[in-house]
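# Observations on the three-dimensional arrangement
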Amino acid sequence: MAKQYSPSAVENSWYAWWEKSGFFVADSSSSKPPFVIVLPPPNVTGALHIGHALTSAIQDTIIRWRRMSGYNALWVPGMDHAGIATQVVVEKKLMRERKLTRHDIGRENFVSEVWNWKNEHGGTILKQQRRMGASLDWSRECFTMDERRSWAVTEAFVRLYKEGLIYRDLRLVNWDCVLRTAISDIEVDYEDIKVRTLLKVPGYEKPVEFGVLTSFAYPIEGGEEIVVATTRVETMLGDTAIAVHPDDERYTRFHGKFAIHPFNGRKLPIICDAILVDKNFGTGAVKITPAHDPNDFEVGKRHNLEFINIFTDDGKINSNGGPEFAGMPRFKAREAVVAALHKKGLYKDAKDNEMRLGLCSRTKDVVEPLIKPQWYVSCSGIAKEALDAVMDDENRKIEIIPKQYAADWKRWLENIRDWCVSRQLWWGHRIPAWYVTLEDDKMKELGAYTDHWVVARNEEEAQIEASRMFRGKNFQISQDPDVLDTWFSSGLFPLTVLGWPDDTQDLKAFYPTSVLETGHDILFFWVARMVMLGIKLGGDVPFRKVYLHPMIRDAHGRKMSKSLGNVIDPLEVINGISLEGLHKRLEEGNLDPSELVVAREGQVKDFPNGIAECGADALRFALVTYTAQSDRINLDIQRVVGYRQWCNKLWNAIRFAMSKLGDDYTPPMEIVPDVMPFTCQWILSVLNKAISKTVSSMDSYEFADAASTVYSWWQFQLCDVFIEVVKPFFSSNDPKFASARRFAQDTLWVCLDNGLRLLHPFMPFVTEELWQRLPPARDCARKESIVISDYPSVVQCWTNERVEYEMDLMESTVKSLRSLRSLMPAKERHERRPAYVLCRTDAIAEIINSYELEILTLATLSSLKVLNEGDDAPIGCAVSVVNESLSVYLKLQGALNAEAEREKLRKKMEEIRKQQEHLTQIMSASGYQEKVPARIHEENVAKLSSLMQELLSFEQASQHLERDIAAEQESH
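Residues numbered from 1 in each chain as written. Predicted model: local features only at pLDDT ≥ 70, side-chain atom pairs only at ≥ 80, totals over all residues. Heavy atoms only, no water.

Broken down by element type, the protein chain carries 30 helices and 33 strands. Seen through its principal axes, the protein chain has C-alpha atoms that stretch 115 × 65 × 65 Å. Counting contacts in the protein chain only where the partners sit at least 6 residues apart, residues at least 24 apart contribute 77% of the total. With an accessible surface of roughly 43700 Å², the protein chain has 49% of that area assigned to carbon and sulfur atoms. Taking the average place of the 119 positive charges on the side chains of the protein chain and the average place of its 137 negative ones, the gap between the two points comes to 3 Å. (Helix = DSSP H or I, 4+ residues; strand = E, 2+ residues; numbered from the N terminus. Contact = heavy atoms within 4.5 Å. Areas by Shrake-Rupley, 256 points an atom, 1.4 Å probe, with all protein chains shown as cover. Lys, Arg positive; Asp, Glu negative; His and termini not counted. Charge placed at Lys NZ, Arg CZ, Asp CG, Glu CD.)

The subject of this paragraph is the sheet that holds strand 22 (residues 433-438). Pairing is antiparallel across the open sheet formed by three strands, whose spatial order is 23-22-24. Across the chains shown, the open sheet's two edge strands, defined by having one partner strand only, are strand 23 (453-455) and strand 24 (475-479). Across the sheet, the axes of successive neighbouring strands diverge by a mean angle of 30°, strand direction being ignored. When strand 22 meets strand 24, the two strands line up antiparallel, connected through five bridges. Within the sheet, the bridge partner assigned to Thr437 lies in strand 24 and is Gln476. With respect to the sheet, helix 11 (residues 459-469) is in contact with strand 22, strand 23 and strand 24, its orientation differing from that of strand 24 by roughly 140°. (Pairing = 2+ DSSP bridges. Axes fitted to C-alpha atoms, helices over the stretch in contact; angles between N-to-C directions.)

Time to look at the nonpolar core. If you look at the biggest cluster of nonpolar residues, it comprises 159 residues, and the most contacted ones within it are Leu635, Trp714 and Phe762. A total of 15 residues in this core trace back to one element, the largest contributor, which is helix 22 (residues 703-730). Dropping the residues within four chain positions of it, Trp714 is found in contact with Trp646, Leu650, Ala653, Cys719, Leu752, Gly755, Leu756 and Leu759. Grouped together as the second largest cluster of nonpolar side chains are 67 residues, Phe488, Val497, Leu507 and Val527 included. (Core = buried A, V, L, I, M, F, W, Y, C linked by side-chain atoms within 4.5 Å. Buried < 20%, exposed > 50% of the residue type's maximum accessible area, 1.4 Å probe, protein only.)

A few words now on the packing of helix 21 (residues 678-699) against helix 23 (residues 738-759). The packing of two helices is summarised by the inter-axis angle and the distance between the axes. Here helix 21 crosses helix 23 at 10°, and the two axes come no closer than 10 Å. In this view, helix 21 runs roughly parallel relative to helix 23, as classed from their interaxial angle. In this structure, helix 21 uses Cys680, Ile683, Leu684, Leu687, Ala690, Ile691 and Thr694 to contact helix 23, whose residues at the interface are Phe743, Ala744, Thr747, Val750, Cys751, Asn754 and Leu758. Taken together, the residues of the contact of helix 21 with helix 23 sort by class into eleven nonpolar, three polar and no charged. (Parallel < 35°, antiparallel > 145°, perpendicular 65-115°, else oblique. Nonpolar A, V, L, I, M, F, W, Y, C, P; charged D, E, K, R; others polar.)

It is worth spelling out the pattern of salt bridges at this point. In the structure shown here, the tally under the stated rule is 58 salt bridges. Across the pair Arg362 and Glu187 runs a salt bridge, and its minimum N-O distance is 3.7 Å. Of the two residues, Arg362 sits in the loop between strand 17 (355-360) and strand 18 (368-377) while Glu187 sits in the loop between strand 6 (181-183) and strand 7 (188-193), which places them 175 residues apart along the sequence. With a relative accessible area of 38%, Arg362 lands in the partly exposed category. In this structure, Arg757 engages Asp753 in a salt bridge whose closest nitrogen and oxygen atoms are separated by 2.8 Å. Of this pair, Arg757 and Asp753 are both found in helix 23, four residues apart, which corresponds to roughly one turn of the helix. For the pair Arg757 and Asp753, one class covers both residues: buried. (Salt bridge = Lys/Arg side-chain N within 4 Å of Asp/Glu carboxyl O.)

Two elements in contact, helix 19 (residues 615-625) and helix 24 (residues 764-771), have axes separated by 7 Å at closest approach and are oriented at 125°. As judged from the angle between their axes, helix 19 and helix 24 are oblique. The residues of helix 24 that touch helix 19, namely those facing Ala616, Asp617 and Arg620, are Pro764, Phe765 and Val766. Here the contact of helix 19 with helix 24 is composed, by residue class, of four nonpolar, no polar and two charged.

Moving on: the packing of aromatic side chains. Here the structure, examined in full by the defined rule, presents 37 aromatic pairs. Considering the side-chain rings of Tyr711 and Phe716, the 6.0 Å spacing of their centres and the 80° angle between planes classify their relative orientation as edge-to-face. The cationic tip of Arg102 hangs over the ring face of Trp426; the distance from NZ or CZ to the ring centre is 4.8 Å. Across from the ring centre of Phe656, 5.7 Å away, lies the NZ or CZ of Lys727, which sits over that ring. (Phe/Tyr/Trp six-rings, centres within 6.5 Å; stacked < 30°, edge-to-face > 60°. Lys NZ or Arg CZ within 6 Å of the ring centre and 35° of its normal.)

A word on the state of the cysteines. Counted under the stated rule, the structure contains zero disulfides. With no disulfide of its own, Cys420 has Cys379 as its nearest cysteine by sulfur position, at a separation of 11 Å. Lacking any disulfide linkage, Cys751 is separated from the closest cysteine sulfur, that of Cys680, by 8.2 Å. With relative accessibility at 0%, the residue Cys751 sits in the buried group. (Disulfide = S-S within 2.5 Å.)

Let us look at the environment of Leu100. When you line up the elements, Leu100 lands in the loop between helix 3 (83-98) and helix 4 (102-105). Relative accessible area serves as the criterion here: at 25%, Leu100 is assigned to the partly exposed category. The sequence separation of Leu100 and Gln463 amounts to 363 residues, and the corresponding C-alpha distance is 36 Å. What Leu100 contacts, discounting residues up to four positions off in sequence, is Leu94, Met95 and Ile105.

Right, let's talk about the sheet that holds strand 20 (residues 419-420) for a bit. Either a parallel or an antiparallel arrangement is found when strands of a sheet pair, and the pairing is made through backbone hydrogen bonds. The strand order 6-5-18-20 describes an open sheet built from four strands, whose pairing is antiparallel. Each edge of the open sheet is held by one strand with a lone partner, namely strand 6 and strand 20. Judged from the ten bridges that link them, strand 5 (residues 166-176) and strand 18 form a sheet pairing that is antiparallel. Residue Trp175 lies in a different strand from strand 18, and its bridge partner there is Glu368.

Attention now moves to the confidence of the model for the protein chain. Scored by pLDDT, the protein chain comes out at a mean of 90, with 94% of its residues at no less than 70. In the predicted structure, residues 277-283 sits below a pLDDT of 50 and forms 22 contacts with residues beyond four places in sequence or in another chain. (pLDDT = per-residue confidence, 0-100.)

It is worth spelling out helix 17 (residues 579-587) at this point. Of all the positions in helix 17, only Leu579, Leu582, His583 and Leu586 are classed as buried. Seen from one end, helix 17 has its buried residues packed into an arc of 100°, which puts them on one side. Exposed side chains of helix 17 directed beyond 90 degrees from the buried face belong to Glu580 and Lys584. Along its buried surface, helix 17 packs onto helix 16 (570-575) and helix 18 (593-606). (Arc of directions from axis to C-beta.)

On to the environment of Val90. Mapped onto the fold, Val90 is located in helix 3. With a relative accessible area of 2%, Val90 lands in the buried category. Here the alpha-carbon distance between Val90 and Arg102, two residues twelve residues apart in the chain, equals 8.9 Å. Apart from residues lying up to four places away in sequence, Val90 is in contact with Phe110, Glu113, Val114 and Trp117.

Take unusual backbone geometry next. Cis geometry is found at the peptide bond from Trp500 to Pro501, where omega equals 15°. For the bond from Tyr511 to Pro512, the omega torsion is 0°, close enough to zero to count as cis. Tracing the backbone through its elements, the reader meets Pro512 in the loop between helix 14 (505-510) and strand 26 (513-519). Despite not being glycine, Ala82 has its phi angle at roughly 50°, a positive value. Counting through the fold element by element, Ala82 comes out in the loop between strand 3 (78-79) and helix 3. The class of Ala82 is buried, set by a relative accessible area of 6%. With phi around 50°, Thr860 is a residue other than glycine that occupies positive phi space. Here Thr860 shows up in the loop between helix 27 (852-858) and strand 31 (861-868).

Written as structure tokens, this is what we have:
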């Protein structure tokens, strides 16, 4: 073995062998109980970021543990076609390389370009998952736009439409003028604007002003005027009505009259009956009078007003907005409309106005609320089933962990709106709907008649359906050019990865899946939709548990952002990177010069020496330990570095073991603790406890607790204690140690074999490397790999509470002696020196005597003498009280620091008195005897007695100290 652990040397070789050996492939015909996770499909455009690394670390920990625990474990990999994100990437590539837009080359050629890009560059992230050690079943890898998944998406749409759950309607949507598509709520970021603010908007040279409420007047027939207010004054070009609040005494008299549009002469009805004409039209098509919030207006009867769209898809004013403004980009039109109102004497004023501005998360374009005909999924019924699946106590089908997110689930599903699934893109699943244009239709444009749509699985089926609907008429059909929202295909993923809609062997064996693990930020946008579609189309919930991991921030709690320079690339943590390398990555990005300066400064502050090579195991372990922080993770790279150093400790433990086991060692067939030295009995007993606690923590999805348990056993019990106390057995060939030596070898082997298997789900690479080096058990066919070996389970005969109690006492004694040693001058700390243990009971004295060798070894002593209650305390020693029955003394070389020793004892005594007073106060409270269970009362009585005895011990130690000081002064 190499002297030092090297992450790259260990991690670069194992994965290819694991994959080639088929260790990750699940068998749908297996008799083992299934355990299934579907990897949240990352975007085809994506590269591994720290959030993906967290997902991968948690899910692989779960799946490896279940695989080793006898389950038919399946972890399905997949990739999302990411409609908008992918289209944007390829559009930018086209413009950069050929100075062409997608419209220049046409839809068919553009889609072909996207497929070429996907096949050449897409899927990088799945390759990077291998670097993380993710044990995915690559034989089942799928893509949301592959042939099978595409067919399933079409089938789902058709079935939902036939059940009346999909319909087409004219409604208000979030419109992105750069992408020229509707976008989902999750793709809208909101910026809170307090006062008038200038913001950069894509496509505009000058910043655009927001946070302004503009008031202007509409002339009324008869020579009067009515003042209205809006934050989007350009939308007045499409106004169809004016709403007046019934409490607005200035204008209620105008109810039923008409205002005259100053630019196109249109008559606008003035409505004063507390109705915001149509909620779907928002306030763009209907202006309201100042001093009233749109939310003050109730929704009542619907006024049949004509809706006039004044925007082109790319955000310019169309001919409906008037020839004076036609062709202007919307925010230039804003300035032009204000100028024109000034000119006509209708402009009143502009005031600061607090507002939330919606921005597209991808393009940073200002979202325009527009009325568009779109396809919708009716959600109320299926949302009720999804709500009950989590909230129905008597028939709960899904458990959400952490449970506080169940309240969010309830709030959202109780207030759900129908889901717009149309996207005006070219890359994605084309909506399987065809518009029928009849020969005798007066209006020929696509979608002119809402009852002319047919939904079918393919064009041939659509033709048959159209012939049935419009029997005897001549017609042509054309497919809807829109594609489906990416979340629609993602929502079907747990079904489609297993072969739905076919009744496949995989679907029978593995649906519903066992757990969905993802970030809490997409609980509604993805998780809820999977549940709704899974119940409706799959006949059952898609998973039994939902585990939501925290969001990752930097060490200072800030959101990771390229402009702050605090984005952490997992591969840079795994492989290491210099500060110059970090700077170079920033420079290759698209930050502007001022952002680049800030980002570089951030990197210098956080990573002055770059990032050390940590390896995947250390990164995984750190991320899993952070999951105790349920809402957010403040990731400190130094913690990852610490676990990388800990891997070296494991490495050295195995190196030590191999040197002590020797080449000819063969492990025993069975372990009989009763005949072993008590240190061997102890380590096996605490190993049992570690196994039990790890398994119970994993079962309850408390991964940080599980990782901490494994770490603590390895670090504080095996390495710090057991390995140290057995070293004397191997330091000489003394015959008296022959039996102990053999037992120590056997115990060491058992501990390492179990310990590595216990740790494997968290740190797969280093555990495989080290486990393969252990000699196999005699006459026992060992599994090829630790990956498929059995997870440790509790062995009842190993548990020994008495030995654990005695060892705890011994460890406390050693800890107190080490603490006294740490207070000595630096040059004296490493010298062996005599120590004394004052035991106040015979039972304690017997235990300390039996552990003499271990205490001498661990506390680095030259001698140890046990004193009884009546013995004089030694002179010239530092003293520490271990508990009420035990005190330790460590011989000093020089004079006592009297004041320091007094202060130390005084503080300890004060602390005990406070505990004593607090407990006495609790036990004296009214109603204590009636309210407190007998067991708790007995524990409190015992604790109080122990504190009183401990106080007496400290007082005795204080008396010994004063005697020592007096004796020393006398000698001088």
